[in-house]
Structure formats: C-alpha cells, structure tokens
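The primary structure of each chain is shown beneath.
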Protein chains: 2
Amino acid sequence: MLIATPQSMHFDAPLALTSRASIRAYDLSFETYGQLNADRSNAVLVCHALNASHHVAGVYEGRPKSEGWWHSMIGPGKPLDTNRFFVIGVNNLGSCFGSTGPMHLNPDSADGQVYGADFPVVTVEDWVNAQALLLDRLGIQTLAAVMGGSLGGMQALGWTLQYPKRVRHAVVIASAPNLTAENIAFNEVARRAIVTDPDFHGGNFYRHGVVPKRGLRIARMIGHITYLSDDVMNEKFGRQLRSAVSGANEGNYLYSTQDVEFQIESYLRYQGDKFADYFDANTYLLITRALDYFDPARESGGSLTKALAGATAKFLLVSFATDWRFAPARSREIVKALLDNQRDVSYAEIDAPHGHDAFLLDDARYHGVVRAYFDNVAQEVGV
Amino acid sequence: MLIATPQSMHFDAPLALTSRASIRAYDLSFETYGQLNADRSNAVLVCHALNASHHVAGVYEGRPKSEGWWHSMIGPGKPLDTNRFFVIGVNNLGSCFGSTGPMHLNPDSADGQVYGADFPVVTVEDWVNAQALLLDRLGIQTLAAVMGGSLGGMQALGWTLQYPKRVRHAVVIASAPNLTAENIAFNEVARRAIVTDPDFHGGNFYRHGVVPKRGLRIARMIGHITYLSDDVMNEKFGRQLRSAVSGANEGNYLYSTQDVEFQIESYLRYQGDKFADYFDANTYLLITRALDYFDPARESGGSLTKALAGATAKFLLVSFATDWRFAPARSREIVKALLDNQRDVSYAEIDAPHGHDAFLLDDARYHGVVRAYFDNVAQEVGV
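What you are looking at is a predicted structure, and each value in this text was computed from that prediction instead of being measured.

Let's shift gears to the overall build of chain A. The number of helices and strands found in chain A is eleven helices and 14 strands. Relative to the compact-globule value of 21 Å for 383 residues, chain A shows a C-alpha radius of gyration of 21 Å, a close match. For chain A, the C-alpha atoms occupy an extent of roughly 65 × 55 × 50 Å along the three principal directions. The proportion of buried residues among the 383 residues of chain A is 61%. When contacts within chain A are restricted to residue pairs at least 6 apart in sequence, those whose partners lie at least 24 apart make up 71%. Counting only carbon and sulfur atoms, one obtains 48% of the accessible surface of chain A, whose full area is about 14,100 Å². With 34 positive and 41 negative side-chain charges, chain A shows a separation of 3 Å between the mean positions of the two kinds.

A separate point is the packing of helix H3 (residues 181-195) of chain B against helix H8 (residues 281-293) of chain B. The description of two helices packed together rests on the angle between their axes and the distance between the axes. Residue and element names in this part refer to chain B. Relative orientation of the contacting elements H3 and H8 amounts to 160°, with a least axis distance of 10 Å. Taken together, the axis directions place H3 and H8 in an arrangement best described as roughly antiparallel. When you trace H3 past H8, the crossing you get is left-handed. The segment H3 lies against H8, with Ile184, Asn187, Ala190, Arg191, Ile194 and Val195 engaging Ala281, Tyr284, Leu285, Thr288, Arg289, Leu291 and Asp292.

Here the structure, examined in full by the defined rule, presents 40 salt bridges over all chains. In this structure, B:Glu380 and B:Lys314 form a salt bridge, with 3.4 Å as the shortest nitrogen-oxygen distance. Within this pair, whereas B:Glu380 is found in helix H11 (residues 364-381), its partner B:Lys314 is found in strand E13 (residues 314-320), the two being separated by 66 residues in sequence. On the basis of relative accessibility, which here comes to 36%, the residue B:Glu380 falls in the partly exposed class. Taking the relative accessible area as the measure of exposure, B:Lys314 reaches 31% and is therefore partly exposed. Sharing partners across several salt bridges, the network here consists of A:Glu188, A:Arg191, A:Arg289, A:Asp292, B:Glu265 and B:Arg269.

Here we come to helix H8 (residues 281-293) of chain A. For H8(A), spanning 13 residues, the distance from its first C-alpha to its last is 19 Å, which sits close to the expected 18 Å at 1.5 Å a residue. Structurally, the start of H8(A) carries an N-cap: the backbone nitrogen of A:Asn282 is 3.1 Å from a side-chain oxygen of A:Asp280.

A:Trp70, A:Ile173, B:Trp70 and B:Ile173 are the most contacted members of the largest nonpolar core, which totals 266 residues. Sequence-distant contacts of B:Ile173, that is, excluding residues within four places in its chain, are made with B:Trp70, B:Met147, B:Gly148, B:Gly149, B:Ser150, B:Val318, B:Phe320, B:Phe359, B:Tyr366 and B:Val370.

As a further point, take the side chain of A:Asp292. Within the secondary structure layout, A:Asp292 lies in helix H8. Classification of A:Asp292 as buried rests on a relative accessible area of 0%. In terms of polar contacts, A:Asp292 uses its side chain to reach the side chain of A:Asn187, at 2.8 Å. Sequence-distant contacts of A:Asp292, that is, excluding residues within four places in its chain, are made with A:Leu179, A:Ile184, A:Asn187, A:Arg191, B:Arg239, B:Tyr253, B:Phe262 and B:Glu265.

On to the confidence of the model for chain A. Chain-level pLDDT for chain A is 96 on average; 100% of the residues reach the 70-or-more range. The ipTM value of the predicted complex is 0.96, and its pTM value is 0.97.

Next up on the list: the sheet that holds strand E2 (residues 7-11) of chain B. Residues and elements named next belong to chain B. An order of E2-E5-E10-E6-E11-E12-E13-E14 is seen for the eight strands of this open sheet, with the pairing classed as mixed. In this open sheet, the two edge strands, each paired with only one partner strand, are E2 and strand E14 (345-350). Between one strand and the next, the sheet's axes are offset by a mean angle of 20°, whatever the strand orientation. Note that E2 and strand E5 (residues 26-33) share five bridges and pair antiparallel. Following the sheet pairing, Ser8 is matched in E5 by Ser29.

Next up on the list: the environment of A:Ala313. Following the sequence through the fold, A:Ala313 ends up in the loop between helix H9 (304-307) and strand E13 (314-320). Sequence separation of A:Ala313 and A:Thr180 is 133 residues, and the distance between their C-alpha atoms is 26 Å.

Next up on the list: the packing of aromatic side chains. Summed over all chains, the structure comprises 48 aromatic pairs over all chains. Ring centres of A:Phe200 and A:Phe205 lie 6.0 Å apart, and the angle between their planes is 35°; on these two criteria the pair is classed as tilted. Measuring from centroid to centroid gives 6.1 Å for A:Tyr278 and A:Phe279, while their planes differ by 85°, and the two rings are edge-to-face. Each member of the aromatic cluster is reached from another via a ring pair, and the members are A:Phe97, A:Phe275, A:Tyr278, A:Phe279 and A:Tyr284. The ring of B:Phe11 carries the charged tip of B:Arg137 above its face, separated from the ring centre by 4.7 Å. The ring of A:Tyr253 has B:Arg298 sitting right over it, with the charged end atom 3.9 Å from the ring centre.

All names here are of chain A. Read across the open sheet, the eight strands follow the order E2-E5-E10-E6-E11-E12-E13-E14; overall the sheet is mixed. Where the open sheet ends on each side, the last strands, each with one partner, are strand E2 (7-11) and strand E14 (345-350). Neighbouring strand axes in the sheet, compared pairwise and without regard to direction, differ in orientation by 20° on average. Note: strand E6 (residues 43-47) against strand E10 (residues 86-90), four bridges, orientation parallel. In the strand pairing of E10, Leu45 is matched with Ile88. Its contacts with the sheet put helix H2 (residues 151-162) on E6, strand E11 (143-149), strand E12 (167-173) and E13, and the angle it makes with E11 is roughly 145°.

Turning our attention to the environment of A:Ala156. Residues and elements named next belong to chain A. Relative to the helices and strands, Ala156 resides in helix H2. On the basis of relative accessible area, Ala156 is assigned to the buried category, the value being 0%. Beyond its immediate chain neighbours, meaning those up to four positions away, Ala156 contacts Cys47, Val146, Met147, Gly148, Ala170, Val171 and Val172.

Let us now look at the interface of chain A and chain B. Contacts between the two partners involve 60 residues from chain A, matched on the other side by 60 residues from chain B. Applying the counting rule to chain A against chain B returns eight salt bridges. Across the pair A:Arg191 and B:Glu265 runs a salt bridge whose closest N-O atoms are separated by 3.0 Å. Sorting the residues of the side of chain A that touches chain B by element identifies helix H3 (181-195), helix H4 (213-227), helix H5 (230-236), helix H7 (263-278) and H8 of chain A as the ones contributing at least two each. A total of eleven residues in the side of chain A that touches chain B trace back to one element, the largest contributor, which is H3(A). Taken together, the residues of the side of chain A that touches chain B break down into 31 nonpolar, 14 polar and 15 charged.

What follows covers the packing of H4(A) against H3(B). The contact between H4(A) and H3(B) brings their axes to 10 Å, and the two run at 170°. In terms of their interaxial angle, H4(A) and H3(B) are classed as roughly antiparallel. Packed against H4(A), whose contacting residues are A:Ile218, A:Met221, A:Ile222 and A:Ile225, the element H3(B) presents B:Glu182, B:Ala185, B:Phe186, B:Glu188, B:Val189, B:Arg192 and B:Ala193 at the interface. Class assignment for the residues of the contact of H4(A) with H3(B) results in eight nonpolar, no polar and three charged.

Turning our attention to helix H7 (residues 263-278) of chain B. Each α-helix turn comprises 3.6 residues. Residues three or four places apart therefore point the same way. For H7(B), with 16 residues, the first-to-last C-alpha span of 24 Å sits near the 22 Å given by 1.5 Å per residue. Within the span of H7(B), buried status applies to B:Gln263, B:Ile264, B:Glu265, B:Tyr267, B:Leu268, B:Arg269, B:Gln271, B:Gly272, B:Phe275 and B:Ala276. Residues of H7(B) that are buried make contact with H3 and H8 of chain A together with helix H4 (213-227), helix H5 (230-236), helix H6 (242-246) and H8 of chain B.

Related by rotation about an axis and a shift along that axis, the two copies of the chain form a pair. Overlay of chain A on chain B (RMSD 0.0 Å): rotation 180°, translation along the axis 0.0 Å. With respect to symmetry, the two chain copies, as superposed, fit the operation of a two-fold axis. A high fraction, 100%, of the interface residues of chain A reappear at the interface in chain B, so the copies pair face to face through one surface.

The rules behind the values
- Residues numbered from 1 in each chain as written.
- Chains lettered and ligands numbered in written order.
- Predicted model: local features only at pLDDT ≥ 70, side-chain atom pairs only at ≥ 80, totals over all residues.
- Heavy atoms only, no water.
- Helix = DSSP H or I, 4+ residues; strand = E, 2+ residues; numbered from the N terminus.
- Rg over C-alpha atoms; globule rule 2.2 N^0.38 Å.
- Buried < 20%, exposed > 50% of the residue type's maximum accessible area, 1.4 Å probe, protein only.
- Contact = heavy atoms within 4.5 Å.
- Areas by Shrake-Rupley, 256 points an atom, 1.4 Å probe, with all protein chains shown as cover.
- Lys, Arg positive; Asp, Glu negative; His and termini not counted.
- Charge placed at Lys NZ, Arg CZ, Asp CG, Glu CD.
- Axes fitted to C-alpha atoms, helices over the stretch in contact; angles between N-to-C directions.
- Parallel < 35°, antiparallel > 145°, perpendicular 65-115°, else oblique.
- Left-handed = near helix turned anticlockwise from the far one by under 90°.
- Salt bridge = Lys/Arg side-chain N within 4 Å of Asp/Glu carboxyl O.
- Expected span 1.5 Å × (residues − 1).
- Polar contact = N/O pair within 3.5 Å; in protein donor to acceptor, adjacent residues only side chain to side chain.
- Core = buried A, V, L, I, M, F, W, Y, C linked by side-chain atoms within 4.5 Å.
- pLDDT = per-residue confidence, 0-100.
- Pairing = 2+ DSSP bridges.
- Phe/Tyr/Trp six-rings, centres within 6.5 Å; stacked < 30°, edge-to-face > 60°.
- Lys NZ or Arg CZ within 6 Å of the ring centre and 35° of its normal.
- Nonpolar A, V, L, I, M, F, W, Y, C, P; charged D, E, K, R; others polar.
- Least-squares fit on C-alpha atoms with pLDDT ≥ 70 in both.

Spelled out as structure tokens, the structure:
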C-alpha cells in the first residue's frame, strides 16, 4: 500500500496575480509519491479539479480508507506508475485543504481577520505560476508530464502555454478550452445559492460562527447532476421510489412535496449534506470563477489555433462520449488547434456511460490508453 | 385583436384526489376564445405547463402587451384558429393565477388560515378530472382536441386515458411519458432551494408577511438553463461579458466572484428576479411534484404500450431536436406505444435550435405541422 505524507511549503515573496492583485505570502500543501530519479527527469505534476486536493494517491498511515482522489489511476503498477515516476499533487491557492485560502489569516487585516470574501480572485494561470514556484523549490526544472482532468486539464493546458520549455507531455482529460454559456450558467446558479444564503454574510460567515450550508448543498446537488449522464442516472436510480427500497408504504407514492419520494432525491440530498460539511463556501466561488475565466484563446481574438501556437509539449487528450458538461467536441477543439500547429497529439474518445465523472473512474479502455501513453513517456525519459 | 375575458366557475362538490385526499370546494379560472358551434363539436382544451395559466391567447381589454402565453399558436387565423374552434384555457388547481391554490383560504383551518403547505398534492390525473367537470358545466361532452406542451402535453395524454370517449384528438408537444431521473433531480434541487429558504417557513410564509424569493430565484434559474439548448445559449450569450455591452472596464474581466461578469449571468438573474416577484412557492412545489408523479405506465408494470391500450383518440406528437429536457426520444416512446396499439398517430420532430422553449416559439415548420393537423380536425368536425 502506498503511504502518502502531506507536506507544506511556505513562500515569502508575494505572488502577482492575473487580476493585478497579489498574495503577500502563502503556503502550498502538496504530496509526492515515488522517487525523483538522478537526472530529475521523471516528475509528473497532477492538477486537481473543483473539490479535490493535493491528496492524489495512496492512503494516510493507519487510515486504509483515506485513498487519494485519483488512486485508481496513480500508484505502484497503476497507469501512472509511481514505481517509475515521481508524482506531485498540489493543493491550489484559494482551496480549502491546506494551501492558503479564504479561511486563513489575512495579513492585510488590521484586526486579525481571515480573508473570507477578500481572498483575491485566482485564475488557472495563477495556479500554474504557484505550481511552478513549488517545482523550483523541489529542484524540478522540467516535468516529464503535467496531467489533469476537468479543471485540472485546464491547468495542464495552461502549463504548456505559460512554461512550454518545462513540460514534455500534457495529459488533458475530460476538459475544454473554455466554458460554454451553459457551463457558466450552472456555476452562476450554484454561486447565487451560496451568496444569497443568509448564513453567507457577504463571505465573512466565519466570524459569525455559521456556515452557508443551504447554499453549499444546492451548489453540490446542481454539480452532481452535471457530473452524471442521463443514462447512468436512469440506470442507477431511474424512477425508483425510496419506499421500494425501504419497504415502507408498499411501494406506493407518498404524495408529498417535501419528503424524499424518489431514490435520486435521496442520493442528491446525501451528496449535498456531505459536501456542506467539509467544503468552504468562498473556495467554491473562487474555483468556479477560475473555471469561468479560463479562456486561452481570448488574447488571440478567439483563435485557439493562435493561442496554442506556443505550446511545444506532446499531448494526450481523452474525452468521454456521455460527458455533457465537457463534451468530446470541446476536447476535439483542442486537438484540432494543436494539429493546426503540427503538434504531436494523441486523442481517445472513450465510450463510457458515466458522464463527466468517468474521468475519476476505473474504465479498462480509458486506463489502457493512459497506461500506454505513460509507457512511452517512461521510455523517453529513461525510467 | 382577440380580447380575452377571464372567468371563474365555482364547484361545491368535493374533488376526490389521486392521493386519497380531497378538495372540499374550489374555483377554476378559465378563458374561452371563439364560438362553440351548434352541435358543440368544435371545442379544444389547451392545458398549461409549469408557470402558465388559463390566459392562453388574446389580450386583456386596454392592455395590448398582455398576450396569452401561447398567442403565437392560438387566435384568429393562427394554427389553432379561433375563427373555427372554441378554445378553452383552464388554470390548474394548486396554481397561483386564480384557481384555488395554496394562497387561498383553507376551509379546514380553524383560525381562517390559507392552505399554504397544507394544500393537497395534486396530480395530472386530478387536473384532468377538474377540467372534465368544468367542461360538463360548459355543456361540452366531447372535445375536438385536447392540446398541451411539456406538462400540458402530459395532461393531453392523460385525457385520452381517463376520458377516451370525450377526446377526438390529442396534440402532445415537447412532452414525455414520465420524467427521467435527471428531470426529477432538477425539480428536486429547485424544491430544496425553496424549502430551505428561511423565508419559506415550512410553506406558511404568508402569515409571516415574507416570500421565499431566494429559493424561487434559484429554482427559476435552474429551470431556465434546462429550457434552453446549449447551442442557443452559446449563440445568444456565449462568453460575452457584461462590460462588452455596457462599455465599462474596456471589455476586460472584472475579476469578481459575486458581481455579474458574463451576459448569461445577467440574463439568469433577471429571469430569477422576475419570477420571484409573481410566482407562488407552494405552487412551484406542487406543480413540479405533479410532473414527477406522472407515469401512466406505472400501473401496467412499466409497459407504456399496455398503458395506452385504452386511448382511442387520434394523436399528433411534436418534439424538438435540441430539447434535452424532454428529448425527442421520449416523444418517440409515446409514438411507439400508440403504434403498438394500432392507433392513428402523426409525429413531427422539428429541427429547431431553441431547446424545450421551442414549443412556445414561432417556428414556421412547427406551426405548419400544427396548422395542417387542425385543418384536418376542422374538416372532421365540420367547421
């Protein structure tokens, strides 16, 4: 069993942000798995999506159920094999799992308050810059690969644009070159649910000793609907009644507007409750905004081909047929723009039923593609 | 210009409901357009969806902008031509536009309170029964047609099952034989947003002098996303910034998590605000639950073919290619079940870009199909 050990690195120098604000000093939580080889050529950075963290793989000592969020993908003998690669997971700035974020002390606060709503807006570009500074401190100049799914894939793509010489390969899974209007719309509804929760207090709920759990629950329920495909929802839940499972009421309708009637309702409420217990509301706003803002083609008059001209890495892109949040067509836009620039691109569209969630799941074809790709990377860097 | 005049009918006898509860006495608001012919054969009942009412067509005297919700479809010379047909719109029980609903006095309340959360759960079947009683009072035994879109289409389908001998034709548009798990999921998130709004007060907000507007706004924003197609959202809004429209900030990002940044956000907030100003929160719960519960195949072990065996009407079904809320595949399930029963069915799948909303819009191919169908109905009933 791979044992993970969380670490933290402190940075004294201010980090200049895309918004022109800056973070005066900060900490980054991270974990590493495997061994950095002698010529420091086998490092792979794994970037996380909305609600994940630096705890990418392995388990914590004595806690066998504490698997990292991508443990099916990363570990000894896994598609990204920690026996060959030195894998790094970093918690992003503004998140709520150890790196500096809204619940940490604001050094600019006269009366020792936490950042709360004053935490500056951070972008994918800012995260990539912070990750690069961490790699500097770890003595890693060049990554064998940078890898991520969803928002993590945007960071991987960002790496190839901001630090093209420091990345040999980019593995971009279930991602997109930017959000569609519908994607932004779902993020906005979730944010409004949080911001209009009376317990949000303009983002300064910490000092009131409350948490805007109502809003967080709604945000998570909306999120969960968009992570799953209609097909897998119908297969897992369909129109099954809770009473058909519990045996109560002989499988008849309860005829209630507020009680749980269908299993899908029970599932969503459970997911919402769980999320509201651990996730920070300001972090939710920040991370969904980073998603909204990511748009590398914006500076190139909307041309993704122009935007990706400077990306010299080799690429693997993977998308999932039933992912309607980041549909295959969005991955194909990236593939097309890279091909326009004569870049080396592999692309796999996996016919998995699980929607956007598929990127976190163990699918043989999907994992086969990633494993084969990393076998080539390993040969290239000599591990 | 067709002038509409709202009317109301009082019913003294209790209405027994599917849930085994009953409504002791009630009023139905309705409107009629055109003239009932001598043999009373030209009546068409139009059923409304979630947030609409009995005001289907025409305008109110002196209020030229008060068009009925389906005025593009219904009126003199329109596809459903009020020069030939006698058209009836009825506000459903539990709604908030005149018919008895949660904001009306509860006759069982000792201290003269309104129903609020105690308004009984009503189903599509209950609405159809109430509509049939209204037709009795209007002296209409047989409908030339019953017509509806979305939830209104479910009522039209319900009519052919509950009162097969009273319906010659059913026009079922952008509808489904039941909701999918995803449909129920969206309804449930919207309901949770309302129910967990502190101003909801368990549904008895009226006596507190407040309205759960936060929840209603979120519910409506979610609804709007599902009414539109991804394509039309990208076309209408895309990633356009509000500042690109207002001219402020030179089209740059504001870098804010709470202010409106994208035009789609502005649109959704506006729709949410507007809705929260006029729609009743308990009605929202009741009507989404009626959607969830509708499932005629349920009593037939899940076989829609068996369930529709008793439907003797002729059918027109219409669906829209980009409608992902009630996708064409769902209409095809109904078509297939009717064909299994050797019924007379016309079916048109319209390649409109507008998603579920298309059923309310003026599309030449769509209106052409409906017009042609009603031309045949007119010939059949001799008008």
